[in-house]
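Here is what each chain is made of, one letter per residue.
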Amino acid sequence: PPQEKLYFRGSTLYLEKKNSWKKLNHLSKERLSNLNDLIEYEMIIYPHGEKWIYALDIPIKELEKTKLKADYTLESQKEIYSKKRYSLSSALNYKLTSKNVNDALKVDRAEYPKMVKFLEPIARKNLRAEEKSKELIEFFKKQKLAYKVNPKGLNIEHIAESFLFEAKEGYCTHFASSFAIASRILGIPSRVVTGFKANDTGRVENYLLVRQKDAHAWVELYFEEKGWTRFEPTATAVVNLGIQEEGRENAGKKWFEEINLQYMYLKYLVNKWVLGFDRLKQMAILESLLNDTIYLLKFLFTLLGVVLFSLMLFYFIRNSKSGDKGQKLMQKLLQRLEKRGVHKKNSEPMELFLQRVEIELGVSLKNISKYYHQYKYANKKETLEFLEKEIKTMMRTIA
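What you are looking at is a predicted structure, and each value in this text was computed from that prediction instead of being measured. Positions within a chain are numbered from 1, following the residues in the order the chain's sequence is written. In keeping with the predicted nature of the model, local features appear solely for residues at pLDDT of at least 70, side-chain atom pairs appear and are counted solely at 80 or more, and the whole-chain, interface and lining totals rest on all residues. To obtain the side-chain values, all non-hydrogen atoms of the structure were used and water was disregarded.

Draft legend 1. Representation of the sheet that holds strand β7 (residues 74-76) in the model. Only strands joined by at least two bridges in the DSSP assignment are considered to pair. Runs of H or I in DSSP of at least four residues are treated as helices and runs of E of at least two as strands, each being numbered from the N terminus. With respect to topology, three strands assemble into an open sheet ordered β4-β7-β6, the strand pairing being antiparallel. Either end of the sheet is taken by a strand with one partner, and the two such strands are β4 (52-53) and β6 (66-68). In this structure, β4 lies alongside β7, joined through two bridges in antiparallel fashion. In the strand pairing of β7, I53 is matched with L74.

Shown next, in the form of structure tokens:
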């Protein structure tokens, strides 16, 4: 597919309360129609411990041991702890409609006084939902927001308004969340979609490598005539500091990324071959190895080359990782909590996890949560010392 269609749908999220977006379990089955640009493709997915299967938007049928959810996200029946290969079918153009969108309109306007005030001129106009959405895009552009991997100065108590009117920098989650909330304030049903947005830099031939750094969040707005319609609030950013930062960090490493991509492509071909390996292929290769000396030498040299390259790659990656001191401190706490029987889920935000620990263990983690988020998202380096002290005290408490 072309780059603008490389959206891999993972989950649809609805606003439960301020700063908290979650999946809904009571969604009624949505209706899929007007299917166009059908595509069939193979995917090898690596173990991640969850049920998610990220499929090109939008998957149109269930597979064996999977479930197509009411919102047309695809899930495995069990958590994925081993490498899996799927043959998928998706529609790149479609119409997705819902019988009830009340959950997509819920918003506590009192929580967002600044947004309500600044959006009032749009709200007063007698506009249809689609026209309002265009005005909202222009409103976001006028804020001169910057995309930044590590935004500074965000007030974690009022993230949406702090992002829009104060810090004016954030990453895709901040853009998507704020845009979805603003849409609801204007009376347009909205939800946040999480998944991956791949690009052509990860393509070799007809193979596409989708990596963790391609994780993305966007928004779907609901229009009566069109159903759920994708919007890309991150595209309203006037400056992309994330790419600039990444460029500085990875200067001189483009060659490595290209080699890594070629290596992953080779690995994919091997995986595809191994996963589709049968007795007939085994016997044919064995016969060639026993009877053809040149074939045997090629096989051994290729095997040796793959092993040496893998060792070099492992060494390079291990030594190029930059340590996050805040994350290392939190990791120690997480390990201690696991011994107490409290495990953090991969998809669980740190703030919500710490709130759950407070309830389950009867301890207070408010300072740890505050200092961690100030260090990580507001770039307040001076809070690292306080975070370390709080964690040491807590580890003695829960020992």
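Draft legend 2. Geometry of the packing of aromatic side chains. Two rings belonging to Phe, Tyr or Trp (six-membered ring only in the last case) form a pair when the distance between their centres is within 6.5 Å. Interplanar angles under 30 degrees mark stacking, angles over 60 mark edge-to-face geometry, and anything in between is tilted. One pass over the structure, following the stated rule, counts 13 aromatic pairs. When the ring of F163 is compared with that of F175, the centres are 4.9 Å apart and the planes differ by 70°; the resulting orientation is edge-to-face. Highlighted residues: F163 in helix α3 (residues 159-167) and F175 in helix α4 (residues 172-185), separated in sequence by 12 residues. Each member of the pair, F163 together with F175, is buried. With a centroid separation of 5.3 Å and an interplanar angle of 40°, the aromatic rings of Y207 and Y265 are classed as tilted. With a gap of 58 residues between them, Y207 in strand β13 (residues 207-208) and Y265 in helix α6 (residues 254-275) connect regions that are remote in the sequence. Note on classification: 1.4 Å probe, protein chains only; a residue is buried when its accessible area is under 20% of the maximum for its type, exposed when over 50%, partly exposed between these limits.

Draft legend 3. The arrangement of the side chain of T97 in detail. Along the chain, T97 falls in strand β8 (residues 84-97). Working rule for contacts: check all heavy atoms of both residues, and any pair within 4.5 Å makes them a contact. Non-local contacts of T97, meaning those with residues more than four positions away in its chain, are made with E30, R31, Y222 and G227.

Draft legend 4. Structural view of the packing of α3 against α4. The geometry of α3 relative to α4 is characterised by a closest axis approach of 9 Å and an angle of 100° between their N-to-C directions. Relative to α4, the element α3 lies roughly perpendicular. Here I159, A160, F163 and L164 of α3 come into contact with α4, specifically with H174, F175, S178 and I181. Each residue gets one label: Ala, Val, Leu, Ile, Met, Phe, Trp, Tyr, Cys and Pro are nonpolar, Asp, Glu, Lys and Arg are charged, and the others, such as Gly, are polar. Taken together, the residues that form the contact of α3 with α4 break down as six nonpolar, two polar and no charged. Lines fitted to the C-alpha atoms define the axes, with helices restricted to the stretch that makes contact. Angles between their N-to-C directions range from 0 to 180 degrees. Orientation is classified from the angle alone, with under 35 degrees giving roughly parallel, over 145 giving roughly antiparallel, 65 to 115 giving roughly perpendicular, and any other angle giving oblique.

Draft legend 5. Region of interest: the pattern of salt bridges. A carboxyl oxygen of Asp or Glu within 4 Å of a side-chain nitrogen of Lys or Arg is what we treat as a salt bridge. Scanning all chains against the criterion turns up 20 salt bridges. With a shortest N-O distance of 3.8 Å, K141 and E138 are connected by a salt bridge. Note that K141 and E138 are positioned in helix α2 (residues 129-142) at a spacing of three residues, about one turn of the helix. Exposure remark for K141: the relative accessible area of 38% places this residue in the partly exposed category. The closest approach of N and O atoms between K366 and E358, which form a salt bridge, is 3.8 Å. Residue K366 is classed as exposed on the basis of its relative accessible area, which comes to 58%. A relative accessible area of 16% places E358 in the buried class.

Draft legend 6. View of a nonpolar patch on the surface. Residues Y295, L296, L297, F299, L300, F301, L303, L304, V307, L308 and L311 make up a contiguous nonpolar surface patch of about 1,000 Å² in total accessible area. Position of F299 among the secondary structure elements: in helix α8 (residues 293-320). Two distance rules govern patches: like charges are joined within 9 Å, and nonpolar side chains (Val, Leu, Ile, Met, Phe, Trp, Tyr) within 5 Å, applied only to residues with over 30% relative accessible area and no salt bridge. Using a 1.4 Å probe, the Shrake-Rupley method yields the accessible areas, and only the shown protein chains count as cover for residues.

Draft legend 7. Just the nonpolar core, in detail. The biggest cluster of nonpolar side chains holds 37 residues, and the ones touching the most others in it are M115, L119, L136, F140, F179 and I181. Elements supplying a minimum of two residues to this core: β1 (7-17), α1 (113-124), α2, α3, α4 and β14 (215-223). Looking at which element gives the most residues to this core, the answer is α4, with eight residues. Excluding residues within four positions of it along the chain, F179 makes contact with L136, I137, F140, V219, L221, F231 and P233. As used in this record, nonpolar core signifies buried Ala, Val, Leu, Ile, Met, Phe, Trp, Tyr and Cys residues forming a set joined through side-chain atoms within 4.5 Å. In this structure, L6, I80, F196 and Y222 belong to the second largest nonpolar core, which totals 31 residues.

Draft legend 8. Looking closely at the packing of helix α9 (residues 325-339) against helix α10 (residues 350-361). The interhelical angle for the contact between α9 and α10, taken along N-to-C directions, is 35°, at an axis separation of 13 Å. Judged by the twist between their axes, the crossing of α9 over α10 is left-handed. Facing α9, whose interface residues are M330, L334 and L337, α10 presents M350, F353, L354, V357 and L361. Classifying every residue of the contact of α9 with α10 by side-chain character gives eight nonpolar, no polar and no charged. Two helices crossing with the near one rotated counterclockwise from the far one by less than a right angle form a left-handed crossing, whereas a clockwise rotation gives a right-handed crossing.

Draft legend 9. Layout of α3. Most of α3 is tucked away, with seven of its nine residues classed as buried. Buried residues along α3 sit in contact with α1, α2, β10 (169-170) and α4. Directly beyond the C-terminal end of α3, a positive phi value near 60° is found at K168.

Draft legend 10. Quick look at the side chain of T229. Structurally, T229 is set in strand β15 (residues 227-231). Any pair of N or O atoms that falls within 3.5 Å is considered a polar contact. Within protein, one atom must be able to donate a hydrogen and the other to accept it, and sequence-neighbouring residues count only if both atoms are side-chain atoms. Within the structure, the side chain of T229 is placed 3.2 Å from the backbone oxygen of G227, a separation counted as a polar contact. Discounting chain neighbours no more than four positions away, the residues touching T229 are V219, E220, L221 and F223.

Draft legend 11. Structural view of unusual backbone geometry. Along the chain, D57 connects to I58 via a cis peptide bond; the corresponding omega equals 20°. Positive phi outside glycine occurs at K65, with the angle close to 65°. Along the chain, K65 falls in the loop between β5 (55-56) and β6. Residue classification places K65 among the exposed positions, given a relative accessible area of 58%. One non-glycine residue, K144, lies in positive phi territory at about 55°.

Draft legend 12. Broad picture of α9. One less than the number of residues in a helix, times 1.5 Å, gives the span that helix is expected to have. In a regular helix each residue adds 1.5 Å, so 15 residues correspond to 21 Å; α9 covers 22 Å between its end C-alpha atoms and thus fits that length. When we look at burial in α9, the residues that qualify are G326, L329, M330, L333, L334 and L337. Take α9 and look down its axis: the buried residues cluster within an arc of 140°, on one side only. Facing away from the buried side of α9, by more than 90 degrees, are the exposed residues K325, K328, K332 and K339. Of the residues trailing α9, G341 is marked for its positive phi of about 90°. To be clear, the arc concerns the directions from the helix axis to the C-beta atoms.

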